[in-house]
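Spelled out from the first residue to the last, the chains are:
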Amino acid sequence: VTLIILITSTIVSSFLVQHRSSHLYYSRRTMVVSTEKINNNRKLKAAVKSDEHDIPAPQDGVEFAKLPWNLNLPDSHYYVHLTTDPESGWTLEHYNPETDGGILTDVTDDEYKSLKHYGQSPLPLFPSTTSLNYGTTIWEGLACRRSPTTGKALIFRPQMNYARFARGAHAMCLPPPSYELFMRGLQMVVQNNMHMCPPAPELDPDTGAPLGGAKLYVRPMLLGSGQQLGLHASPQISLVFFVSPTGSYFQGKAMGGLKLHLETRRSRAARGGTGNIKCSGNYAVTMRPLMDAKVHGFHDNLYLELDTYHNPNPSSSLSPLRQAILQELSAANIFLVLESGEIITPSLSRGTILPGVTRDSVLEIAKIFKDELQPVMAKSVGKENIEVTVSERDVCVEDLNSAVEVFITGTAAEVVPVQSIGTSPDDEESFSVKFPHGESEPGPVTYKLLEMLREVVAGQRSNDKIQDWLCDVHASPEDFRNGGI
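It should be emphasised that the depicted structure is a prediction, and the values quoted were computed from it without experimental measurement.

(A) Molecular detail of the overall build of the protein. From N to C terminus, the protein includes 12 helices and 20 strands. Per-residue burial over the protein gives 53% buried out of 485 residues. Restricting to contacts in the protein with at least 6 residues of sequence separation, those with at least 24 account for 73%. A total of about 21,200 Å² of accessible surface is found on the protein, and carbon and sulfur atoms cover 51% of it.

(B) Fine view of empty space enclosed by the protein. All told, the structure shown has 2 cavities of 30 Å³ or more when counted by the stated rule. Computed from the structure, the largest cavity encloses a volume of approximately 130 Å³. As for the largest cavity, its lining consists of 13 residues, of which Ala143, Arg145, Phe156, Thr358 and Thr411 are closest to the centre. If you list the elements that add at least two residues to the lining of the largest cavity, you get strand 8 (142-146), helix 9 (357-368) and helix 11 (444-457). A per-element tally of the lining of the largest cavity places strand 8 first, with 3 residues. Broken down by class, the residue content of the lining of the largest cavity amounts to 6 nonpolar, 5 polar and 2 charged.

(C) Quick look at the packing of aromatic side chains. The final tally for this structure, using the stated rule, is 10 aromatic pairs. Seen in terms of ring centroids, Trp69 and Tyr217 are 4.8 Å apart; in terms of plane orientation they differ by 85°. Their pairing is edge-to-face. Within this pair, whereas Trp69 is found in the loop between strand 2 (41-49) and strand 3 (78-84), its partner Tyr217 is found in strand 10 (residues 215-224), the two being separated by 148 residues in sequence. The class of Tyr217 is buried, set by a relative accessible area of 8%. Their ring planes at 40° and their centres at 4.9 Å tell us that Trp139 and Tyr283 sit as a pair that is tilted. Taken together, the residues Trp139 in strand 7 (residues 137-139) and Tyr283 in helix 6 (residues 280-295) connect sequence positions 144 residues apart. Relative accessible area serves as the criterion here: at 10%, Trp139 is assigned to the buried category. Aromatic rings pair up to connect Tyr162, Phe165, Tyr179, Phe182 and Phe241 into one cluster. Seen from the ring of Trp469, Arg157 lies directly overhead, with NZ or CZ sitting 4.0 Å from the centre. The side chain of Arg461 reaches across the aromatic face of Phe369, ending 4.6 Å from its centre.

Scoring rules and cut-offs
- Counting restarts for each chain, with residues numbered from 1 along the sequence as it is written.
- Thresholds applied to this predicted model are a pLDDT of at least 70 for local features of residues and 80 or more for the giving and counting of side-chain atom pairs; totals over whole chains, interfaces and linings are not thresholded and use all residues.
- Water and hydrogen atoms play no part in the side-chain values, which are based on all heavy atoms of the structure.
- Strands here are runs of E lasting at least two residues and helices are runs of H or I lasting at least four, both read from the DSSP assignment and numbered beginning at the N terminus.
- Partly exposed describes any residue whose relative accessible area lies between the buried limit of under 20% and the exposed limit of over 50%, with all areas from a 1.4 Å probe on protein chains only and scaled to the type maximum.
- Residue contacts follow a heavy-atom distance rule, with two residues in contact if any of their heavy atoms lie within 4.5 Å.
- Using the Shrake-Rupley algorithm and a 1.4 Å probe, accessible areas are obtained, with residue cover drawn only from the displayed protein chains.
- Any residue with an atom within 4 Å of a point lines the site, the site being either a cavity, points on a 1 Å grid over the protein atoms alone where a 1.4 Å probe fits but cannot get out, or a pocket, an open set with protein on both sides within 12 Å along at least 5 of 7 lines.
- Grid points are joined across faces, edges and corners, and a volume is the space filled by probe spheres set on the points.
- Gly is placed with the polar residues, together with every amino acid not listed as nonpolar (Ala, Val, Leu, Ile, Met, Phe, Trp, Tyr, Cys and Pro) or charged (Asp, Glu, Lys and Arg).
- Two rings from Phe, Tyr or Trp (for Trp, the six-membered ring) form a pair when their centres are within 6.5 Å of each other. A pair whose planes differ by under 30 degrees is stacked, one over 60 is edge-to-face, and the rest are tilted.
- Our definition puts a charge over a ring when NZ of Lys or CZ of Arg is within 6 Å of the ring centre and also within 35 degrees of the ring normal.

Limitation: the analysis is restricted to geometry and does not speak to function.
Right, here's the structure in full:
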């Protein structure tokens, strides 16, 4: 009996030592959540995996590829929730990267303090909650996918999401979490929802590139969760991470192109506003125009810099609408492939466009691998020796008439072709253009960029400039923060 007690004590002591050292602990074990049904309720339990590569499989009985772009299977999710106040902000008590300890990762009675069951533990919100009354909410959208070659769970470019999250927090008078807290919360919520991460995509038998757009969508949120009536900063702040398995944003439109409405009456964002911040209000203003566009048979709206439409250059021979500068869609950025060989997207310099992660990624991929794009550009424009150029600048409505391909980008959408853009019958000025490529399938350049993006996301294509874009969910917290696989 004495020998058994000594052996047990040694094992427990060894575990505690490893738990206090994040590098040692995560090189051998990964803390995840298992569930057991007790009286028809789910109880969170901390389970220790003996091998960091023993990644939970997708939940049986779920047709992940057919899931819509929506909140799916919420009774099977867990979310992370932490709170603080504006004066204290986020401290080492919430998360200490040196020890991997704090409220975020603490386990008491086999339950994480910060981890909640989505269906059974809703956020405690009151009618006077600041974010409900004054819209002080920012959020991010990220995707976790299983690599088709290694099986690793990989998150794409969370470093860029954090930078945008921190800028948004400042704009909404919310204390931003540290980079370490943000990344650890992201890692933890995905680790504990791996059963909701879709299977790895199949590979194209001809090219070897990944197919399909199913993903585990991850949404970090920062919101004023305190109670008040006055217009001032919230007395309490909540940091939340939740997930949902999803399919494509434009369901059924992965190959066939979108029909976009050129919105000439209503504005998504104006200079001096919050158009470049990922806050809830930026999406609220697009809902009514989106519903109206769908009535006319469009999939989405393409917004304008309305001041350039209402104040055209009087010396130009172009109509006011054709002079107007393009902005973006309700929730996606836009790209044009011009007959000159130029791949362009509207500039961020006006501060009205959200700096999308996929937008930036496509720009970088196009610049790095532009020699590889040359053959498909030649095919698209019909000029064998065409040179590929990539740029960000003001893009006018008139530029659409020179486009051979148009596509949109976003975390949810990936890369989706556009077949036509135009006004509706009741708009002030008439405009319509149908592009040579995109009606039934993506144009050559669009398809190649989608293929390249998916290869990068799957870890099949890399370069010195993009080597840290992928973060392995089951790496140590430090390695996850640093990126690279």
